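Survey of secondary and tertiary structure
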Amino acid sequence: MAAAAASSSPPAAITCRAAVAWGPGQPLVMEEVEVAPPGAMEIRVNVVSTSVCRSDVTLWQSKAQPDLFPRIFGHEASGVVESVGEGVTEFQVGDHVLTVFIGECKSCKHCVSGKSNMCQKLGLERKGVMHSDQKTRFSVKGKLVYHYCAVSSFSEYTVVHSGCAVKVGPNVPMDRVCLLSCGVSAGLGAAWNVANVSRGSSVVIFGLGTVGLSVAQGAKLRGASKIIGVDTNPEKQEKGKAFGVTDFINPDELSEPVQQVVKRITDGGADYSFECVGDTGVVSTALQSCSDGWGVTVTLGVPKAKPEVSAHYAFLLSGRTLKGSLFGGWRPKSDLPSLVDKYADKEIQVDGLVTHDISFDDINKALELMVENKCLRCVIHMPH
């Protein structure tokens, strides 16, 4: 049990349990870690629930950055503010929050533009440290432990920049709303903000995981008339229907390229296509599946290998557009509260994406389920 900092004195370091990755693909080890007090403009959060996102698994398995181990993964999380650092006025001890892997400072060029969520101060952190001082807040027996996306929610307590947290109401279920801190929001935003799906349009989605199903949900709510799901897992056909998928294609059962099937059933190509697999080869297929003249392809997946995208120039010359999407274009502090409200008002589905509820002690089981493609989202319940 972590020792809480006394309210009358500055926050002190605390100890708690965290699931630490000591090397690429190695099972996580439950360790007693020391968590430093929050620095200026930071908050320390008692994690309540965290879910396993595909990008957690991709980077955990990756050998591209072996120098960033030991490391604490996890970024899709909800929790309660345990202490606040100097200068923090937005949060108080006891506030319920979502952690987010990109922040919003509200003062940089991108934040004030209204055109972007790529905050220049609190953007995607890739070095395994905090934004503010490029240092880590975790250690095990004196050995520094790296962060992941400046969140590291596979720990009972974590420290995040106050710009990378969003306050939520105390009555929202923490073990479900955590999905809005990444996957669900990414899919909905890709459909609404990035592609701006129009009523009566046709949509094709490659990969019906949490993100892909959320794209389908977003397209359905926008009034798309045909929503085609493409996945090699036949079980996704029935699941897709619940989120708006009208047609299902299993590439393993085809005798011709997927894009030809899509073009045939959409009379020349879909208005919008979405790559939600994390495979740059699929990006090219998605681009070929959308219509000449106005077709828009949005890529959302994090590739496990071969990060370069290859496409024949003719597809772009013919008027098709290829766009990237990070967190669905949402600005966390400005936009996420409205999504939480939509969930609370039952305007968007979240609960149906949780296929497993797992205790913190069994977190490696959640990773196995994701690796074996046997889950959508596993929610990890931290001990109270």
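Criteria and cut-off values
- Residues numbered from 1 in each chain as written.
- Predicted model: local features only at pLDDT ≥ 70, side-chain atom pairs only at ≥ 80, totals over all residues.
- Heavy atoms only, no water.
- Patch = residues over 30% accessible without salt bridge, like charges linked within 9 Å, V, L, I, M, F, W, Y side chains within 5 Å.
- Areas by Shrake-Rupley, 256 points an atom, 1.4 Å probe, with all protein chains shown as cover.
- Salt bridge = Lys/Arg side-chain N within 4 Å of Asp/Glu carboxyl O.
- Helix = DSSP H or I, 4+ residues; strand = E, 2+ residues; numbered from the N terminus.
- Buried < 20%, exposed > 50% of the residue type's maximum accessible area, 1.4 Å probe, protein only.
- Contact = heavy atoms within 4.5 Å.
- Phe/Tyr/Trp six-rings, centres within 6.5 Å; stacked < 30°, edge-to-face > 60°.
- Pairing = 2+ DSSP bridges.
- Axes fitted to C-alpha atoms, helices over the stretch in contact; angles between N-to-C directions.
- Polar contact = N/O pair within 3.5 Å; in protein donor to acceptor, adjacent residues only side chain to side chain.

**Remarks on a nonpolar patch on the surface**
On the surface, a nonpolar cluster with roughly 230 Å² of combined accessible area is contributed by Val309, Leu316 and Leu322. Tracing the backbone through its elements, the reader meets Leu316 in helix α9 (residues 313-317).

**Topic: unusual backbone geometry**
Of note, the bond from Phe69 into Pro70 is cis; its omega dihedral lies within 30 degrees of zero at 0°. Mapping Pro70 onto the fold places it in the loop between α1 (54-61) and β4 (76-84). At Met41, a residue that is not glycine, the phi angle is positive and equals roughly 65°. Turning to its location among the elements, Met41 is positioned in the loop between β2 (29-35) and β3 (42-51). A relative accessible area of 34% means that Met41 is categorised as partly exposed. Phi angles above zero are rare outside glycine, and Ser152 is one such case at about 55°. Secondary-structure assignment places Ser152 in the loop between β7 (143-145) and β8 (157-161). Here Ser152 falls in the buried class, since its relative accessible area comes to 0%.

**Describing the side chain of His75**
Along the chain, the position of His75 falls in the loop between α1 and β4. Discounting chain neighbours no more than four positions away, the residues touching His75 are Cys53, Ser55, Asp56, Thr99, Phe101, Tyr148, Cys149, Val151, Ser153, Ser181 and Cys182.

**Notes on the pattern of salt bridges**
According to the stated counting rule, one finds 18 salt bridges in the structure shown. Between Glu82 and Arg44 there is a salt bridge, with the nearest N and O atoms lying 2.6 Å from each other. Residue Glu82 is located in strand β4, and its partner Arg44 is located in strand β3; the two are separated by 38 residues in the primary sequence. Within this structure, Arg17, Glu156 and Asp361 form a network of salt bridges that share partners.

**A look at the packing of aromatic side chains**
Each aromatic ring pair is specified by the distance between its two centres and by the angle formed by the two planes. Taken as a whole, this structure holds 4 aromatic pairs when the rule is applied. Plain terms: the ring middles of Phe101 and Phe327 are 5.6 Å apart, the flat faces sit at 80° to each other, and that makes the pair edge-to-face. Remark: Phe327 occurs in the loop between β15 (321-324) and α10 (332-344) and Phe101 occurs in the loop between β5 (96-99) and α2 (109-113); sequence separation between them is 226 residues. Pair check on accessibility: Phe101 and Phe327 agree, each one buried. Of the aromatic side chains, those joined through ring pairs into one cluster are Phe69, Phe73 and Tyr148.

**Considerations on the pairing of β5**
Taking every second residue as pointing to the same face, both faces of β5 are buried, with His96 and Leu98 on one and Val97 and Thr99 on the other. Where β4 and β5 come together, 4 bridges link them in antiparallel fashion. If you follow Ser78 over to β5, its bridge partner there is Leu98. Summarising the sheet, β5 and strand β9 (residues 165-168) pair through 4 bridges and their orientation is antiparallel. Within the sheet, the bridge partner assigned to His96 lies in β9 and is Val168.

**Section: the sheet that holds β15**
The strand order across the open sheet formed by 6 strands is β12-β11-β10-β13-β14-β15, and the pairing between neighbours is parallel. Sheet topology places β12 (247-249) and β15 at the edges, where each strand pairs with a single neighbour. Sheet twist, expressed as the mean angle between neighbouring strand axes with direction ignored, is 20°. Here strand β10 (residues 202-206) runs beside strand β13 (residues 272-275); their pairing, made up of 4 bridges, is parallel. Bridge pairing in β13 places Val204 opposite Ser273. Against the sheet, helix α7 (residues 258-265) engages β10, β11 (226-230) and β12, with an angle of about 165° to β11.

**Remarks on helix α8 (residues 280-289)**
In terms of burial, α8 is a largely internal element, 9 of the 10 residues being buried. Every buried residue of α8 is accounted for by Thr280, Val282, Val283, Ser284, Thr285, Ala286, Leu287, Gln288 and Ser289. On its buried side, α8 packs onto β10, α7, β13, β14 (296-299), α9 and β15. Between the side-chain oxygen at the start of α8 and the backbone nitrogen of Gly281 there is a gap of 2.7 Å, and the oxygen is on Asp279.

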